[in-house]
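Residue-level listing of the chains:
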Amino acid sequence: MPESRSDEFLLRLQSLFRIMDAERLLTDPIKDAMTELLRTSAARLRAEGASVLVQTAADSGDLKFLAATGEVADRIVGLEIPAGKGIAGFVLMSGQPLVVSEPDDESGFYAEVDKTTGFSTKLLLAVPLRFRDDVIGVLEYVNRNSEPFSEPFTPAEMDIAAAYADAVAALVNAHLGAELMCGLSKRMLKEDAEDDAEVRAWLHSMRENSAHVRALELAALVSELSSKGDAEVELCRTLLESVIGYSRSTSVKLDLA
Amino acid sequence: MTNPLGPTLEAATAPKFLPDPAWVDASGRGVTVAMIDSGVDASHPDLAGRIFEEVGAKIEGSKVTFESVDDGDLAGHGTACAGIIARLAPDAKIASIRVLGASGSGDAQIFLAGLEYAVKKRYKIINLSLGTTKPQFFAPLHDLLDRAYQAGCIIIAAANNLPQPSFPSIFSSSLISVVKSEEPDPLKFGFHYGEVIELTAPGVSIRTPWLNGGYRTLTGNSFACPHITGLLARLVETHPELTPFQAKSALYAIARRNSKLERADRRPADA
C-alpha cells in the first residue's frame, strides 16, 4: 500500500510507463513489418509508393492511411477519406480491385490525397484488404519508380498485389487487435485517474511535449537494456552518470551533433 | 469442343438472333438500364441526356430508402461504367442508383437495398459492379436474384477475381457474371460454359468518362460488366420481351458463333 501521496503518484507513473511500453511493444513491430512489406511489394510492382488504408471504425466506411512508403509517406499517414469518397472508398465498398491511369494529367488525379500531400498521382492500383469475410481496408500502389513511367499497372500485377494484400490484411488485423488492447489499458488508466487532477495534467503535458516523448524513448531503451541483467544495468548507470558528470563539469549544453 | 448443351439450344437460338443483324446496329432505344454504383456525373458530355433518374441511399434507423440526388458521382466509378454503357448503347436510358457514400457504407445491406429498388422498378437490365463476401447476405441475395429473374430483370454482375467467393457474382442460375479480358474490340466477348464466371468481356485499359468532364484509362472486372450491359441493351431493343434465360442463351450462341468465325478466319493462314 502506498504510504504517502507522492508514493501513490509514483505508482501511477510506473503503471503509465508500463502501458506506454506495452503500447509500443504491441503496435510498433506490426507497423514496421507492414511498412517493410509495402516496401518490398512496391519494388516488385515497380511502384513509386504504397499505402495501407483502414476503416476508422468497423463498417463506418471512413478510411485513414495507417502506413505508407515513398516520397510523401510522412504526410500521408493519418490522412482520412470520408465514407464512399474516391477510388479507395469504392474499392472498400465494392471489393473490386481497380487500376486507374492518367499519365498525362500534370496535377495528378487523386484529388482527395494529392491536394494535401502535394504528390501527383498518375497511376494507381488499388486492391481490397480482406480478412475472413470482411473488407477491412485498401492497399494502394502509385506511379512507376522507373522507365517507362507511363506504363499502367497490368492485370498480372493486380493479381500480385491481391496476393500481397492477404499478408497485409493479416498484419492490419493484428494491428487492430493491438490497438484495441492499448485502448482498453488507456481507458482503465483514465478511470483510475478520474479524481486525480494532478496525474491527468501531467499525462496531458507529457503527450503534448516532444521533450517528454524523447525522454520516454530513452527510458524505453534503458528499460530494454536493463532487462538483460545486472551487468547491463550497471553499464547503463555508469554511462549515464558519466555523461551527466561531464555535462555538469563543463556547465554547457553537450553538443553531440 | 462439342456444345455441352447439345445442338438443340443453338439451333433454337440461332435462327432468332444470329442471322438477324438488327441488334448489331441497335442503340438501346427504349431500354432502361439501372446502375447500382457510386452515382453518375450526368453533366459529362458523353452522358448528357442519357441519365433519366438519379437516386441515392439514405439510412433511417435500420431502414435504407432512396431519394432523388443531384450531387453526382462520389468516386468516378459509376460515371466510368455509364460511359461504357453509353458508348455501346447510346440511346439507352440509364438510372443511377447510388449505394456509395451513405454513412455506414461498409454495409452490404445498402447495396442489397439498391438492387431491390431496381427490381421493384422492374428495370430491364441491371448493372452490378458491387458484391459482398459476407455469408449472412448469401440467402437474402439469392432470394432477391430469384425475384429479379421472375420479374424479367436481367442482372449483370462483375466478378472479383479474389480467392474468397463474392456474392452474387458466383451465383450461376439467375444472373450473368463477367470477368475482364484484354480483348480490345468492345463488342467481342467470350462465353465459357462450365466456369464459375461464364463471361469474359473487355476490361483492360478501357478509356472512359470520369469526373469533371474528364477521362481515365481503367482496368478491372467492373469495366467488363458494363460492356455486356450495353450489348444486352441492344439485344433488348430488338427483342423487348427477352427473358434473363434467353439473354444468357443468346450471349452463349453469339460467343460461339464469334469464335467459330474467328477460327474460320485463321484457318487459311494456318494452312
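Residues numbered from 1 in each chain as written. Chains lettered and ligands numbered in written order. Predicted model: local features only at pLDDT ≥ 70, side-chain atom pairs only at ≥ 80, totals over all residues. Heavy atoms only, no water.

Each helix and strand counted, chain A has 8 helices and 6 strands in total. In chain A, the succession of helices and strands from N to C terminus is α-β-β-α-β-α-β-α-β-β-α-α-α-α. For chain A, buried positions account for 42% of its 257 residues. Within chain A, residue pairs in contact and separated by at least 24 positions form 57% of the contacts whose partners lie at least 6 positions apart. (Helix = DSSP H or I, 4+ residues; strand = E, 2+ residues; numbered from the N terminus. Buried < 20%, exposed > 50% of the residue type's maximum accessible area, 1.4 Å probe, protein only. Contact = heavy atoms within 4.5 Å.)

Within a sheet, neighbouring strands are paired by backbone hydrogen bonds and run either parallel or antiparallel to one another. The 8 strands lie next to each other as β3(A)-β2(A)-β1(A)-β6(A)-β5(A)-β4(A)-β11(B)-β10(B), forming an open sheet whose pairing is antiparallel. With one partner strand each, in any of the chains shown, β3 (80-81) of chain A together with β10 (206-209) of chain B form the two edges of the open sheet. Where strand β5 (residues 123-131) of chain A lies against strand β6 (residues 134-144) of chain A, 8 bridges are found, and the strand directions are antiparallel. What sits directly across from Leu 124 of chain A, in β6 of chain A, is Val 142 of chain A. Its contacts with the sheet put helix α3 (residues 86-94) of chain A on β1 (47-55), β2 (63-69), β3, β4 (98-101), β5 and β6 of chain A, and the angle it makes with β6 of chain A is roughly 140°. (Pairing = 2+ DSSP bridges. Axes fitted to C-alpha atoms, helices over the stretch in contact; angles between N-to-C directions.)

This part takes up the interface of chain B and chain A. Between chain B and chain A, the contact holds 40 residues from the first and 31 residues from the second. Summed over both partners, the interface of chain B with chain A buries about 2,800 Å², with 55% contributed by carbon and sulfur atoms. Run the count over chain B and chain A and you get 1 salt bridge. Arg 207 of chain B is the partner of Glu 102 of chain A in a salt bridge, and the nearest nitrogen-oxygen pair spans 3.2 Å. Here chain B is connected to chain A by 6 residue pairs in polar contact (both at pLDDT 80 or more). Looking at the side of chain B that touches chain A, the elements with two or more residues in it are β11 (215-219) and α6 (221-238) of chain B. Ranked by the residues each element gives to the side of chain B that touches chain A, the list is headed by β11 of chain B, at 5 residues. (Buried area = accessible area lost by both parts, 1.4 Å probe. Salt bridge = Lys/Arg side-chain N within 4 Å of Asp/Glu carboxyl O. Polar contact = N/O pair within 3.5 Å; in protein donor to acceptor, adjacent residues only side chain to side chain.)

Next up on the list: the layout of surface pockets. As a volume, the largest pocket reaches approximately 540 Å³. If you trace the largest pocket, you find 31 residues lining it, with Gln 55, Asp 59, Asp 134, Val 135 and Ile 136 of chain A closest to the centre. Elements with a contribution of two residues or more to the lining of the largest pocket: β1, α3, β5, β6 and α5 (155-192) of chain A together with α4 (108-120) of chain B. Residues belonging to the lining of the largest pocket are distributed by class as follows: 11 nonpolar, 12 polar and 8 charged. (1 Å grid on protein atoms, 1.4 Å probe; cavity = no way out; pocket = protein on both sides within 12 Å on 5 of 7 lines; lining within 4 Å. Points joined across faces, edges and corners; volume = space filled by probe spheres on them. Nonpolar A, V, L, I, M, F, W, Y, C, P; charged D, E, K, R; others polar.)

All names here are of chain B. Taken together, 9 strands build an open sheet; the order of strands is β3-β2-β4-β1-β5-β6-β7-β9-β8 and the sheet is mixed. Of all the strands in the sheet, just β3 (63-68) and β8 (190-191) have a single pairing partner and so form its edges. Two strands pair when backbone bridges link them, and strand β7 (residues 176-181) and strand β9 (residues 199-202) are joined in this way by 4 bridges, in the parallel orientation. When the sheet's bridge partners are listed, Val 179 is paired in β9 with Thr 200.

With that settled, the discussion passes to empty space enclosed by the protein. Residue and element names in this part refer to chain A. Here the structure, examined in full by the defined rule, presents 4 cavities of 30 Å³ or more. Size it by volume and the largest cavity reaches roughly 150 Å³. If you trace the largest cavity, you find 20 residues lining it, with Ser 51, Val 72, Ile 76, Phe 119 and Val 142 closest to the centre. For the lining of the largest cavity, the secondary structure elements donating two or more residues are β1, β2, α2 (73-76), α4 (111-117) and β6. Among the elements that line the lining of the largest cavity, the one with the most residues is β1, at 4 residues. Class assignment of the residues belonging to the lining of the largest cavity gives a composition of 10 nonpolar, 6 polar and 4 charged.

By size, the foremost hydrophobic cluster in this structure holds 108 residues, and its most contacted members are Ile 176, Ile 228 and Leu 232 of chain B. Sequence-distant contacts of Ile 176 of chain B, defined by excluding residues within four places in its chain, comprise Ile 154, Ile 155, Ile 156, Ala 157, Leu 199, Ile 228, Leu 232, Ala 247, Lys 248 and Leu 251 of chain B. With 30 residues, the next largest nonpolar core counts Met 34, Val 52, Leu 125 and Ala 165 of chain A among its residues. (Core = buried A, V, L, I, M, F, W, Y, C linked by side-chain atoms within 4.5 Å.)

Okay, unusual backbone geometry next. Among all residues save glycine, negative phi is the norm, and among peptide bonds the norm is trans. Looking along the chain, the bond that leaves Glu 147 of chain A and enters Pro 148 of chain A is cis, with omega of -10°. Of note in this structure, Arg 132 of chain A is not a glycine but carries a positive phi near 50°. For Arg 132 of chain A, the location among the structural elements is in the loop between β5 and β6. Of note, Arg 122 of chain B is a non-glycine position whose phi angle comes to about 55°, a positive value.

Attention now goes to the environment of Ala 162 of chain A. Residues and elements named next belong to chain A. Among the structural elements, Ala 162 can be located in helix α5. Accessibility expressed as a relative area gives 14% for Ala 162, which makes it buried. It is 9.0 Å that separates the C-alpha atoms of Ala 162 and Ala 126, two residues lying 36 residues apart in sequence.

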